[in-house]
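# A look at the structure
Okay, here's what each chain looks like letter by letter:
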Amino acid sequence: MTTAVMDAVTPAMLQTNMDALRTDVTGLQNNVATLQADVATLQTDVATLQAGMDALRTDVTGLQTDVATLQAGMTTLHTDMAVFKAQIPHFATRADVERLRADIEHGLRVMTWTMAGVLLAGLTALGVFLRLLGG
């Protein structure tokens, strides 16, 4: 620096600049402290997120297992349904059951009258036989 410049700088100016520098340094120190606190908070948040991710991974693994189980169950259901569909033509319909009931009723009616006729014929024959013997 030249002597003229040094003569122009007064102690009051130096003091003002020093005060401004101290204020700036104090502000910077406060900013550093704030940043350190923010970093600590971020580290805590990251640890919390990592723990949450671990729990989420466990949940996803469980869900994947459940989905695999459901898929196996669905495969079994599809197989069972195919077997069931293959057997449907062999099932009786309501009309088939009604026709069978009518056939059985008719058969029972015919059998009842036949038995009554045979019994009546047998009794008649017995009566004639007894009359012939007694007579």
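Residues numbered from 1 in each chain as written. Predicted model: local features only at pLDDT ≥ 70, side-chain atom pairs only at ≥ 80, totals over all residues. Heavy atoms only, no water.

## Quick word on the overall build of the chain
Quick reminder of the rule: Secondary structure is summarised from DSSP: a helix means a run of H or I of at least four residues, a strand means a run of E of at least two, and numbering begins at the N terminus for each. Both definitions apply: the radius of gyration is a C-alpha atom measure, and the globule rule equals 2.2 Å times residues to the power 0.38. Only protein chains enter the area calculation, which uses a 1.4 Å probe; residues under 20% of their type maximum are buried, those over 50% are exposed, and those in between are partly exposed. Every accessible area reported is derived by Shrake-Rupley at a probe size of 1.4 Å, with residue values counting cover from the shown protein chains alone. The convention is simple: Lys and Arg are positive, Asp and Glu are negative, and His and the chain ends are not counted. Every charge is mapped to an atom, namely NZ of Lys, CZ of Arg, CG of Asp or CD of Glu.
A tally of regular secondary structure across the chain gives three helices and zero strands. Sequence-ordered secondary structure for the chain, helices as α and strands as β, is α-α-α. What you see for the chain is a C-alpha radius of gyration of 55 Å, clearly larger than the 14 Å of a compact globule of 135 residues, by over 25%. Looking at the chain as a whole, 0% of its 135 residues qualify as buried. Just so you have it, the chain exposes about 11,900 Å², and 70% of that area is on carbon and sulfur atoms. The centroid of the 8 positive side-chain charges in the chain is displaced by 34 Å from the centroid of its 13 negative side-chain charges.

## Re a nonpolar patch on the surface
What counts, and what does not: Patch construction takes residues with relative accessible area above 30% that form no salt bridge. Like charges are linked within 9 Å, and nonpolar side chains (Val, Leu, Ile, Met, Phe, Trp, Tyr) are linked within 5 Å. Salt bridges, as used here, are contacts in which a Lys or Arg side-chain nitrogen is within 4 Å of a carboxyl oxygen on Asp or Glu.
On the surface, Leu-119, Leu-123, Leu-126, Phe-129, Leu-130 and Leu-133 cluster together to form a nonpolar patch covering roughly 640 Å² of accessible area. Mapped onto the elements, Leu-119 comes out in helix α3 (residues 94–134). In this structure Leu-119 comes out as exposed when scored by relative accessible area, which is 55%.

## Let's talk about the pattern of salt bridges
Inspection of every chain in the model, using the stated rule, returns five salt bridges. For Arg-99, the salt bridge is made with Asp-96, and the minimal N-O distance between the two is 2.5 Å. Placement of the pair is Arg-99 and Asp-96 together in helix α3, with a separation of three residues, close to one helical turn. Taking relative accessible area as the criterion, Arg-99 reaches 49% and is therefore assigned partly exposed. Overall, Asp-96 belongs to the partly exposed group, its relative accessible area being 32%. Here Glu-105 ties to Arg-101 by a salt bridge, and the two come within 2.4 Å at their closest N and O atoms. With Glu-105 and Arg-101 both in helix α3 and four residues apart, this pair spans about one turn of that helix.

## So, the packing of aromatic side chains
Our working rule: Note on aromatic pairs: the rings of Phe, Tyr and Trp (six-membered ring only in Trp) are paired at centre separations within 6.5 Å, and the planes decide the class, stacked below 30 degrees, edge-to-face beyond 60, tilted for the rest.
All told, the structure shown has one aromatic pair when counted by the stated rule. With a centroid separation of 5.7 Å and an interplanar angle of 55 degrees, the aromatic rings of Phe-84 and Phe-91 are classed as tilted. Take Phe-91: its relative accessible area is 40%, and that puts it in the partly exposed class.

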